[in-house]
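Fold and geometry: a report
Below, each chain spelled out in residue letters.
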Amino acid sequence: HTCEGYNPDGSAGLADPLVEVERAGPLPAWPRTFVPWGGSDPIGEDSSRLAEALVQSGVDTRSREYPGLPHALHAYVWRRAARQCWADVFDFLAPA
């Protein structure tokens, strides 16, 4: 993933916050989390890993890939998938 270029031997765990979440174990104080990512995002795999790590740590997590969209997919509001992402975010944040 992206951080490997900065820390190829993995010695500086804090250089990669994702690794810290993966190593953390239970995260009872972590808030429920929505993890959206674009299907053509070069770090989309990291978003998927983050969502899985949060689920494994007991965090109420929802994630979704939006095919064909790049990194910062939220900014592409003229694209139907980006608008769907915003709708999903608002849905997720709505009071239960």
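Residues numbered from 1 in each chain as written. Predicted model: local features only at pLDDT ≥ 70, side-chain atom pairs only at ≥ 80, totals over all residues. Heavy atoms only, no water.

1. Examining the overall build of the chain
Convention followed: Helix numbers and strand numbers start at the N terminus; a helix is a DSSP run of H or I with at least 4 residues, a strand a run of E with at least 2. Relative accessibility under 20% of the residue-type maximum defines a buried residue, over 50% an exposed one, and the middle range a partly exposed one, all with a 1.4 Å probe and only protein chains included. Residue contacts follow a heavy-atom distance rule, with two residues in contact if any of their heavy atoms lie within 4.5 Å. In this description, accessible areas are obtained by the Shrake-Rupley approach with a 1.4 Å probe, and a residue is regarded as covered only by the protein chains that are shown.
For the chain, the count of helices and strands is 3 helices and 2 strands. Reading the chain from its N end, one meets helices and strands in the order α-β-α-β-α. Residues classed as buried in the chain amount to 33% of the 96 residues present. Sequence-distant contacts in the chain: of pairs separated by 6 or more residues, those separated by 24 or more amount to 62%. A total of about 6,200 Å² of accessible surface is found on the chain, and carbon and sulfur atoms cover 58% of it.

2. Some words on the packing of aromatic side chains
Filter applied, for reference: Stacked, tilted and edge-to-face are the three classes assigned to paired rings of Phe, Tyr and Trp, where Trp is represented by its six-membered ring and a pair needs centres within 6.5 Å; plane angles under 30 degrees give stacked, over 60 edge-to-face, the rest tilted. To sit over a ring, a charge needs its Lys NZ or Arg CZ within 6 Å of the ring centre and within 35 degrees of the ring normal.
Under the criterion given, the structure shown has 3 aromatic pairs. Here the basic side chain of Arg-32 rests over the ring of Phe-92, its NZ or CZ set 3.9 Å away from the ring centre.

3. Some details on the packing of helix 1 (residues 17-24) against helix 2 (residues 44-56)
Just so we agree on the cut-off: Every axis in this analysis is a line fitted to C-alpha atoms, fitted for helices over the stretch in contact. Angles between the N-to-C directions lie between 0 and 180 degrees. By the definition adopted for this analysis, an angle is roughly parallel if under 35 degrees, roughly antiparallel if over 145, roughly perpendicular if from 65 to 115, and oblique otherwise. What makes a crossing left-handed is the near helix being turned counterclockwise from the far one by less than a right angle; a clockwise turn instead makes it right-handed. Any residue that is not Ala, Val, Leu, Ile, Met, Phe, Trp, Tyr, Cys, Pro, Asp, Glu, Lys or Arg is counted as polar, Gly included; the first ten are nonpolar and the last four charged.
Close contact between helix 1 and helix 2 brings their axes to 9 Å; oriented N to C, the two are set at 25°. When the interaxial angle is binned, helix 1 and helix 2 end up roughly parallel. In the packing of helix 1 onto helix 2, the handedness of the crossing is left-handed. Here Leu-18, Val-19, Val-21 and Glu-22 of helix 1 lie close against helix 2, whose contacting residues are Asp-46, Arg-49, Leu-50, Ala-53 and Leu-54. Split by residue class, the contact of helix 1 with helix 2 holds 6 nonpolar, no polar and 3 charged.

4. Some words on the pairing of strand 1 (residues 33-38)
Convention followed: Here a strand pair is declared whenever DSSP counts at least two bridges between the two strands. A crossover gets the label right-handed when its path from the first strand over the helix to the second runs clockwise, viewed with the strands pointing away from the viewer.
The buried fraction of strand 1 is high, at 6 of 6 residues. Here strand 1 shows two buried faces, one formed by Thr-33, Val-35 and Trp-37 and the other by Phe-34, Pro-36 and Gly-38. As paired elements, strand 1 and strand 2 (residues 61-66) share 6 bridges and run parallel to each other. Residue Phe-34 lies in a different strand from strand 2, and its bridge partner there is Arg-62. Taken together, strand 1, helix 2 and strand 2 form a β-α-β motif whose crossover is right-handed.

As far as function goes, none of this settles anything; it's purely spatial.
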